[in-house]
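One-letter residues, chain by chain:
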Amino acid sequence: MTVDQAVARHAPPPGISAEAAAPSPAKGVEAGPRSEAGSDGPELVRVDPVSGRRWSVPRWLRRTVGPVALLVLWQVLSASGVLEAQILASPGTIAATAGDLVSDGTLPSAMLVSLQRVAVGLLLGGVTGVAMALVSGLSRLGEDLVDATVQMLRSIPWVGVIPLFIIWLGIGEAPKVALISLGVAFHLYLNVYAGIRGVDAQLVEAGQSLGLSRWGLIRHVVLPGALPGAMTGLRYSLATAWLALVFGEQVNADDGLGFLMNQAREFFRTDVIVVCLVVYAILGLIADFLVRTFERLLLQWRPTFTGQ
């Protein structure tokens, strides 16, 4: 192809100017002024999408919409008489009752007693559950000796052993702590055992290739790999501990949140019962928050999906 033929091929059709034949800028991109250097095409200007400039509601504010709406509806139903005080006290009455219980020292004293029971039961049950999981998870012989027995006992409702605990341990603090320990131990055992057996076998082989001893493999490979399961088990155990505390404090308790609830039941004080339930929920949320914070600190090496 000669030079004259190439020029004729790219020339605009007859009757159309060169400016009209020039391509228009793409959709969504603004055409800027031509550069002084004499560039052939227009300058491209970045255009931000409208969705990127949209104002979004903070997440903490969105999470409070549901509870606040529920409280408002509850108060409206109570004030209008649809919800009678004998059935469920209003939020205002419950708040006033909570203030009275705090001011006279009744609620702080009961909370302290209940926290002590949960702490002791969580410690005993945690040590027992983790120890059994280590024995069963790290050794086939230990699995044969321990796992079948634990699985059999786990199928028994732990609330159903309260009469036996009363016969064996009396009606003091021992059956309450034992009930909490029993519920905690099973959750920790299952999750720690599953975490140990869920460690990638290729990581174990790599550790052996690097010359790690059995203790080195356990310390540097198995235990870190089982840590996510252990933290999940701890969160379940805390929830079970508070649930077991509610049942345990129904057994001839003379102090604690369960004792306040029993007294309130005798006099149909729904406001006191709700106050104790709210305290149970708050303590459980605080414990779960502490565990999740501890989990983030220990598992910084393991990035996870946090939602979009």
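Heads up: the structure comes first, above all this text.
For the structure given in this document, a descriptive report is provided here.

Some points on the nonpolar core
Nonpolar side chains tend to gather and get buried jointly when the protein is soluble and globular.
Phase 1 of the analysis: Counting 50 residues, the largest nonpolar core has Leu 107, Leu 179, Ile 180, Trp 242 and Leu 257 as the members making the most contacts within it.
Phase 2 of the analysis: Of all the secondary-structure elements, those providing two or more residues to this core are helix 4 (91-103), helix 5 (106-138), helix 6 (140-154), helix 7 (162-169), helix 8 (174-197), helix 10 (214-248), helix 11 (257-266) and helix 12 (270-298).
Phase 3 of the analysis: With residues up to four places along the chain from it excluded, the contact list for Leu 257 reads Leu 107, Ala 110, Met 111, Ser 114, Glu 249, Cys 276, Val 279, Tyr 280 and Leu 283.

Quick look at the environment of Gly 233
Phase 1 of the analysis: Relative to the elements of secondary structure, Gly 233 occurs in helix 10.
Phase 2 of the analysis: It is 5.1 Å that separates the C-alpha atoms of Gly 233 and Asn 191, two residues lying 42 residues apart in sequence.
Phase 3 of the analysis: Those residues in contact with Gly 233 that sit more than four places away from it in its chain are His 187, Leu 188 and Asn 191.

Overview of helix 8
Phase 1 of the analysis: The terminal C-alpha atoms of helix 8, which comprises 24 residues, lie 34 Å apart, in line with the 34 Å expected from a rise of 1.5 Å per residue.
Phase 2 of the analysis: In terms of residue burial, helix 8 counts as a mostly covered element, since 18 of its 24 residues are buried.

As for the side chain of Thr 240
Phase 1 of the analysis: Inspection of the secondary structure assignment puts Thr 240 in helix 10.
Phase 2 of the analysis: On the accessibility criterion, Thr 240 (8% relative accessible area) is buried.
Phase 3 of the analysis: Excluding anything up to four places from it in sequence, Thr 240 contacts Trp 158, Gly 183, Val 184 and His 187.

Comments concerning the pattern of salt bridges
Opposite charge on two side chains makes pairing possible when the charged atoms of those side chains draw close.
Phase 1 of the analysis: Taken as a whole and assessed by the stated rule, the structure comprises 6 salt bridges.
Phase 2 of the analysis: Taking the shortest distance from any N to any O, the salt bridge between Arg 235 and Asp 288 comes out at 2.9 Å. Residue Arg 235 is located in helix 10, and its partner Asp 288 is located in helix 12; the two are separated by 53 residues in the primary sequence.
Phase 3 of the analysis: Judged by its relative accessible area of 31%, Arg 235 is partly exposed.
Phase 4 of the analysis: The exposure class of Asp 288 is partly exposed, given its relative accessible area of 21%.
Phase 5 of the analysis: Where Arg 265 meets Glu 266, a salt bridge forms, and the shortest distance between an N and an O atom there is 3.5 Å.
Phase 6 of the analysis: By relative accessible area, Arg 265 is classed as partly exposed at 49%.

Some words on the packing of aromatic side chains
Phase 1 of the analysis: Scanning the model with the defined rule gives 3 aromatic pairs in all.
Phase 2 of the analysis: Consider the rings of Tyr 189 and Tyr 193, whose centres lie 5.8 Å apart with planes at 10°: the pair is stacked. Residue Tyr 189 and its partner Tyr 193 are both found in helix 8; the two are separated by 4 residues, about one turn of the helix.
Phase 3 of the analysis: A relative accessible area of 0% places Tyr 189 in the buried class.
Phase 4 of the analysis: In this structure Tyr 193 comes out as buried when scored by relative accessible area, which is 15%.

What to know about a nonpolar patch on the surface
Phase 1 of the analysis: Together, Val 278, Ile 282, Ile 286, Phe 289 and Leu 290 give the surface a local cluster of nonpolar side chains, amounting to about 480 Å² of exposed area.
Phase 2 of the analysis: Within the secondary structure, Val 278 sits in helix 12.
Phase 3 of the analysis: Residue classification places Val 278 among the partly exposed positions, given a relative accessible area of 41%.

A short note on the environment of Ser 136
Phase 1 of the analysis: Its location among the elements puts Ser 136 in helix 5.
Phase 2 of the analysis: Each C-alpha atom, one on Ser 136 and one on Arg 197, is 9.7 Å from the other, the two residues being 61 residues apart in sequence.
Phase 3 of the analysis: Those residues in contact with Ser 136 that lie beyond four places of it in its chain are Gly 142, Glu 143, Val 146, Asp 147, Tyr 189, Tyr 193 and Arg 197.

Looking at helix 4
Phase 1 of the analysis: With 13 residues, helix 4 extends 18 Å from end C-alpha to end C-alpha; this agrees with the ideal 18 Å at 1.5 Å per step.
Phase 2 of the analysis: Inspection of helix 4 places Pro 91, Ile 94, Thr 97 and Leu 101 among the buried residues, and these make up the whole buried set. Taken end-on, helix 4 shows its buried residues confined to a sector of 120°, consistent with a single buried face.
Phase 3 of the analysis: Looking at the buried positions of helix 4, the neighbouring elements they touch are helix 3 (59-79), helix 5 and helix 12.
Phase 4 of the analysis: Looking one or two residues beyond helix 4, the residue adopting positive phi is Gly 105, at roughly 85°.

Parameters and conventions
- Numbering of residues begins from 1 in every chain and follows the order in which that chain's sequence is written.
- Where totals are concerned, whole chains, interfaces and linings use all residues; where local detail is concerned, this predicted model gives features only for residues with pLDDT of at least 70, and gives and counts side-chain atom pairs only at 80 or more.
- Hydrogens are left out, water is left out, and the side-chain values use all remaining heavy atoms of the structure.
- The definition of a nonpolar core used throughout is a set of buried Ala, Val, Leu, Ile, Met, Phe, Trp, Tyr and Cys residues joined through side-chain atoms within 4.5 Å.
- For the exposure calls, accessible area comes from a 1.4 Å probe over protein chains only, and a residue counts as buried if that area is under 20% of its type's maximum, exposed if over 50%, partly exposed in between.
- A run of H or I in DSSP becomes a helix once it reaches four residues, and a run of E becomes a strand once it reaches two; helices and strands are each numbered from the N terminus.
- Two residues qualify as a contact provided that any one of their heavy atoms is within 4.5 Å of a heavy atom in the partner residue.
- By this rule the span expected of a helix is its residue count minus one, scaled by 1.5 Å.
- Salt bridges are counted wherever a side-chain nitrogen of Lys or Arg sits within 4 Å of a carboxyl oxygen of Asp or Glu.
- Between the rings of Phe, Tyr and Trp (Trp by its six-membered ring), a pair exists once the centres lie within 6.5 Å; its type follows the angle of the planes, with under 30 degrees stacked, over 60 edge-to-face, and the other angles tilted.
- Only residues whose relative accessible area exceeds 30% and that take part in no salt bridge are eligible for patches, with like-charged residues grouped when within 9 Å of each other and nonpolar side chains (Val, Leu, Ile, Met, Phe, Trp, Tyr) grouped when within 5 Å.
- Here the open area of atoms and residues is found with the Shrake-Rupley method and a 1.4 Å probe, where only the protein chains shown may cover a residue.
- By definition, the arc is the one covered by directions from the helix axis to the C-beta atoms.

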